[in-house]
Amino acid sequence: EQSFLNRGIYIRLKDERTDKHAEFNYAGGIASFVEHLNRNKTPIHPQPIFLTDQRDDDGTGAETIEVALQWNDGYQELIYSFTNTINNRAGGTHLSGFKAALTRTINSYAAASGLSKNLKENLTGEDVREGLTAIISVKIKDPKFSSQTKDKLVSSDIKGWVEQVVFEKLSAFLEENPREARRIVEKCVEAARAREAARKARDLTR
């Protein structure tokens, strides 16, 4: 995990009793992390999408956001969020910002491109995250957590920052890569149709 989250770091572990050793070094950082998680799946676009931004509001050093995401042809959603390389198992404000921006971005592109014109309603968060593998990593000063276990980030300003970065940069990626964008949106639309069909089937059964 640390070797993915700190791009360029080289970690070597050696057991001197048995001479067993392992090496960890991922030049691709969290994009490599997503590829690793998707290694037994079939991605619907070749490379993970990588989004990043930096800010230094008070001149005391940069804070960074890194997001890597890739859809596969499965149905499972797999998203991990980290603050200062700590795994926030219960998510938090960075995850909320990511989810909100993702749904908004995909819906905007789907409407503008006409790919969702046959749907009765907008795509939901569940629709756009079906088959998605993603890593959200923020490195920030003075993070606030809900408890000492640091399972959940509660720093309020992070939600808006992540939301803005993901919306702007993912929108730009979709505009610049229409083939990948089409595959992604078609996957989300398919999920919406399946959800609608399942709802109708439930209503009929009742």
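Everything discussed here concerns the structure shown above.
Residues numbered from 1 in each chain as written. Predicted model: local features only at pLDDT ≥ 70, side-chain atom pairs only at ≥ 80, totals over all residues. Heavy atoms only, no water.

(A) Local environment of the overall build of the chain. The number of helices and strands found in the chain is six helices and seven strands. Along the chain, helices (α) and strands (β) appear in the sequence α-β-β-α-β-β-β-β-α-α-β-α-α when read from the amino end. Overall size of the chain, expressed as C-alpha extent along the three principal axes, is 65 × 45 × 40 Å. Per element, the accessible surface of the chain, about 11,500 Å² overall, is 47% carbon and sulfur. Here the chain contributes 31 positive and 30 negative side-chain charges, whose respective centroids are spaced 5 Å apart. (Helix = DSSP H or I, 4+ residues; strand = E, 2+ residues; numbered from the N terminus. Areas by Shrake-Rupley, 256 points an atom, 1.4 Å probe, with all protein chains shown as cover. Lys, Arg positive; Asp, Glu negative; His and termini not counted. Charge placed at Lys NZ, Arg CZ, Asp CG, Glu CD.)

(B) Examining the pattern of salt bridges more closely. Applying the stated criterion across every chain, the model contains 16 salt bridges. Among the ionic pairs, Arg-7 bridges to Glu-66, the shortest N-O distance being 3.5 Å. With a gap of 59 residues between them, Arg-7 in the loop between α1 (2-5) and β1 (11-15) and Glu-66 in strand β4 (residues 63-71) connect regions that are remote in the sequence. One salt bridge in this structure joins Arg-195 and Glu-121, with 3.2 Å as the shortest N-O distance. You can see Arg-195 sitting in helix α6 (residues 178-205) and its partner Glu-121 sitting in the loop between α3 (93-113) and α4 (125-129), a full 74 residues away along the chain. One connected set of salt bridges, linked through shared partners, spans Arg-55, Glu-63 and Asp-157. (Salt bridge = Lys/Arg side-chain N within 4 Å of Asp/Glu carboxyl O.)

(C) Representation of the nonpolar core in the model. Among the nonpolar cores identified, the biggest contains 40 residues, and Leu-69, Trp-71, Phe-98, Leu-102, Ile-106 and Leu-123 are the most heavily contacted of them. With eight residues, the single largest contributor to this core is helix α5 (residues 156-176). Contact partners of Ile-106, with chain neighbours within four places excluded, come to Trp-71, Leu-123, Val-128, Leu-174, Ile-184, Val-185 and Cys-188. The next biggest cluster of nonpolar side chains, apart from the first, holds 11 residues, and it includes Ile-30, Phe-33, Ala-68 and Phe-82. (Core = buried A, V, L, I, M, F, W, Y, C linked by side-chain atoms within 4.5 Å. Buried < 20%, exposed > 50% of the residue type's maximum accessible area, 1.4 Å probe, protein only. Contact = heavy atoms within 4.5 Å.)

(D) Region of the structure containing the environment of Leu-123. Mapped onto the fold, Leu-123 is located in the loop between α3 and α4. For Leu-123, a relative accessible area of 4% gives the class buried. Among all residues touching Leu-123, those that are not within four sequence positions of it are Thr-103, Ile-106, Asn-107, Ala-110, Val-128, Cys-188, Val-189 and Ala-192.

It is worth stressing that arrangement in space is one thing and function is another; only the former is reported here.
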